[in-house]
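Each chain, letter by letter, is given below.
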Amino acid sequence: MVNDTGQLYTMEGVAAGLIMLLTAYIVISTTSIYTTGDTHIPDMQLEQLGSDVLAMMDTPDKERGENQLVGFIKNDQGDDLRDRFLDNCKMRAGDADADLRAQVYLSYRTSDSVNTIPLSPADESFTRRENTVRVTRWVQLPSGSYSHIPNIETSRPHAVLVEVLLWRA
Amino acid sequence: MLSLDFLAGFTIFLLALIMVVSMVPGLLAGLQSSGIDYDAVAYRTGVILVEDPGWPVNPPWEQYDRDHKDEIQRMGLAVSKDTPNILLSTKVERFFENASTEDPFFTEDDYHNKVIFGDYPYSYNISLSSGNDLWQTGDPLPPGYGYIRRVVKIKEPSVAVINESFKDDYTIPNPSDPKWNSTARNFTVRLDFGHLLNSTVSPAYRIDPRIEPVNVTITDFEDYLNETYYDNATLKNVTFQKAEPDSLPVPLRWLSYSEEEPDLYTLHLNGVSEVSHNLTPNEPVNSSISLVLKPAFMAFMGPNSILDIRFNFEDDPPQTNITGIHHYDYNMTNVTCTDLKTGVLEVAIW
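The rules behind the values
- Residues numbered from 1 in each chain as written.
- Chains lettered and ligands numbered in written order.
- Predicted model: local features only at pLDDT ≥ 70, side-chain atom pairs only at ≥ 80, totals over all residues.
- Helix = DSSP H or I, 4+ residues; strand = E, 2+ residues; numbered from the N terminus.
- Rg over C-alpha atoms; globule rule 2.2 N^0.38 Å.
- Buried ≥ 20, exposed ≤ 12 C-beta atoms within 10 Å, placed from the backbone.
- Domains from an automatic or database assignment.
- Contact = placed C-beta atoms within 7 Å.
- Nonpolar A, V, L, I, M, F, W, Y, C, P; charged D, E, K, R; others polar.
- Pairing = 2+ DSSP bridges.
- Axes fitted to C-alpha atoms, helices over the stretch in contact; angles between N-to-C directions.
- pLDDT = per-residue confidence, 0-100.

Q: What am I meant to see in the overall build of chain B here?
A: What chain B contains, in helices and strands, is five helices and 15 strands. Relative to a compact globule of 350 residues, whose C-alpha radius of gyration would be 20 Å, chain B shows 30 Å and is clearly more extended. A principal-axis box enclosing the C-alpha atoms of chain B has dimensions of 135 × 40 × 35 Å. Evaluated residue by residue, chain B yields a buried proportion of 31% over its 350 residues.

Q: I keep staring at unusual backbone geometry and nothing clicks. Help me out?
A: Phi is mostly negative for residues that are not glycine, and the peptide bonds are mostly trans. Residue and element names in this part refer to chain B. Here Asn 58 and Pro 59 are connected by a cis peptide whose omega angle stands at 0 degrees. Structurally, Pro 59 can be placed in the loop between helix H2 (34-51) and strand E1 (86-88). Looking along the chain, the bond that leaves Asp 316 and enters Pro 317 is cis, with omega of 0 degrees. With respect to the helices, strands and loops of the structure, Pro 317 is situated in the loop between strand E13 (306-314) and strand E14 (324-327). For Asn 270, which is not glycine, the phi torsion reads 55 degrees and is therefore positive. With respect to the secondary-structure elements, Asn 270 resides in the loop between strand E10 (265-269) and strand E11 (283-285).

Q: It is not clear to me how the domain arrangement of chain B should be interpreted in this structure. Could you clarify?
A: A common way to report how large an interface is uses the accessible area buried once the components associate. Residues and elements named next belong to chain B. Structurally, chain B comprises domain 1 (34-155 + 339-349) and domain 2 (159-327). Centre-to-centre, using C-alpha coordinates, domain 1 lies 35 Å away from domain 2. Opposite the 12 residues of domain 1 that make contact, domain 2 presents eight residues. When its residues are assigned to classes, the side of domain 1 that touches domain 2 shows six nonpolar, four polar and two charged.

Q: Before we go on, may I ask you to explain the sheet that holds strand E5 (residues 159-162) of chain B in this structure?
A: By way of backbone hydrogen bonds, the strands of a sheet pair with one another, either parallel or antiparallel. Residue and element names in this part refer to chain B. Spatial ordering of the open sheet is given by E5-E7-E12-E10, a layout of four strands whose pairing is mixed. One side of each edge strand has no neighbouring strand; the edge strands of this open sheet are E5 and E10. Taken pair by pair, the neighbouring strands of this sheet meet at an average axis angle of 10 degrees, ignoring direction. Judged from the four bridges that link them, E5 and strand E7 (residues 214-218) form a sheet pairing that is parallel. Opposite Ala 160, over in E7, you have Val 216 as the bridge partner.

Q: Hey, could you run me through the environment of B:Val115 in this one?
A: Residue and element names in this part refer to chain B. Among the secondary structure elements, Val 115 is positioned in helix H4 (residues 108-116). For Val 115, a count of 24 C-beta atoms within 10 Å translates into the label buried. Expressed as a C-alpha distance, the spacing of Val 115 and Tyr 265, which sit 150 residues apart in the sequence, is 29 Å. Not counting residues within four places of it along the chain, the set of residues in contact with Val 115 comprises Thr 45, Ile 48, Leu 49 and Met 75.

Q: So what exactly am I meant to see when it comes to the sheet that holds strand E2 (residues 114-118) of chain A here?
A: Residue and element names in this part refer to chain A. Read from one edge to the other, the open sheet built from four strands follows the order E2-E1-E4-E3, with strand pairing classed as antiparallel. Lying at the two open borders of the sheet, with one neighbouring strand each, are E2 and strand E3 (133-141). Ignoring strand direction, the axes of neighbouring strands in this sheet form an average angle of 25 degrees. Against the sheet, helix H4 (residues 78-90) contacts strand E1 (100-109) and strand E4 (158-168), and its axis sits at roughly 130 degrees relative to E1.

Q: Please clarify how the pairing of E10(B) should be interpreted in this entry.
A: Two faces, one strand: in a regular strand the side chains alternate between the faces of the sheet. All names here are of chain B. Here E10 shows a buried face lined by Tyr 265, Leu 267 and Leu 269 and an unburied face lined by Thr 266 and His 268. As defined by bridge partners, E10 adjoins strand E12 (residues 289-293) across five bridges and the pair is classed as antiparallel. Across the sheet, the residue bridging to Thr 266 is Val 292, located in E12.

Q: Even after reading the chapter, I still don't get the confidence of the model for chain B, so can you show me in this structure?
A: Any segment with low pLDDT has predicted coordinates that should not be analysed in fine detail. Residue and element names in this part refer to chain B. Put simply, chain B has an average pLDDT of 89, and 95% of its residues get 70 or more. Averaged pLDDT values for the elements of chain B fall to 75 in helix H1 (residues 2-32) and rise to 96 in E1. With a pTM of 0.83, the predicted complex shows an ipTM of 0.82.

As structure tokens, then:
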């Protein structure tokens, strides 16, 4: 005997499937509260902080005084540069902001290309998956001997780009 | 067949319901952004404080007293708009003046209207720390707030310390010469505004008496005494002369010499900081003289004016042989310019 019972089951199945799919869609679309629009705020705060610190390290404490940033690069003290940079970043009115990490690079033009070298030793905890921000500052190096910076032009003042990767551990 | 119709109708109803419900989170999205807004307000407040000198600038807002503080439109702490992150100590001190007491210079409304802005009455906590110094205003921090941290440097006033190392330069070499037979002795400190306000000097390092105090301290005064006979000399008065490039020097007549005016200057003798004097002290000096001229004192000085501060001593016979002109300038021997101090400014808004 032929009747419409099978068709009924098919329609119920289709309706239930649609309902389940749409329910899943709603659940997914309403629970993703932390959007990409929000993630840039901690990044912006960190980027502003790093940018301020580089600017202040590039500002001598007195007229014709020593420029910390230039001094560290000139004297091959990349490690000290990173430590001083982090010390400044961690300053707060209360306890220091202890979980900041940084990596410093230097970019400069040679006679036929642009070189980038690490100024500070690699951070052992750095996995390259961290949510890092990148802050940079152009610095003018006076003419002189820079044996630790390969192929840099040393006969005249030279603009180099100090680049710092900054992240929270 | 009835159940089939019911199912089709119910499915269409559910689809419509689901579409409506799925739009609701979109309607609420604006409400979710309140936390983000606090960060934005904190950032804006930080930018105003750190990158802006405030308004008005001439005279600068920090020189307004309690009666006129309503005329201040914006409170920024930067030395100038060309020197972001370099803060002026006089602005910092005024901004946080008595902030933690019951009688603060600026009220909550002042902070709302002149630095935080916005219609919403935000709560705030603003702090600046440098070394062991901490300035703070606002309420204790709750859990969850908008925040920004800015690293800055603080510029402090210069000071001219005239000590025994200048003795040979500022002592009369042959007091027995007839031209020195007067009972008066005077010593001058000269400020040449045309030289001080030289635009080749960055505002971060510039000595600008119009926005910072001028501090003249004569120490080791005993070395300038005629020690064979005397252990002090009488400071009769301190006078001022202003000169312009094309005119003769004229005394500052608007200044009261008989009453103390702490908004304009302070004068202390012999290291006694508790007792201040007017400009006619007529007091014996045996160790030090400290004169601080406040920025308000310089209100009538032009960009090329020359101001002479003259310390006049009178005894019969003269008990000091001090003389000469000390230039308040960028020579590090003449004037000590304090190094910029690193600090951190934090703004929390909720």
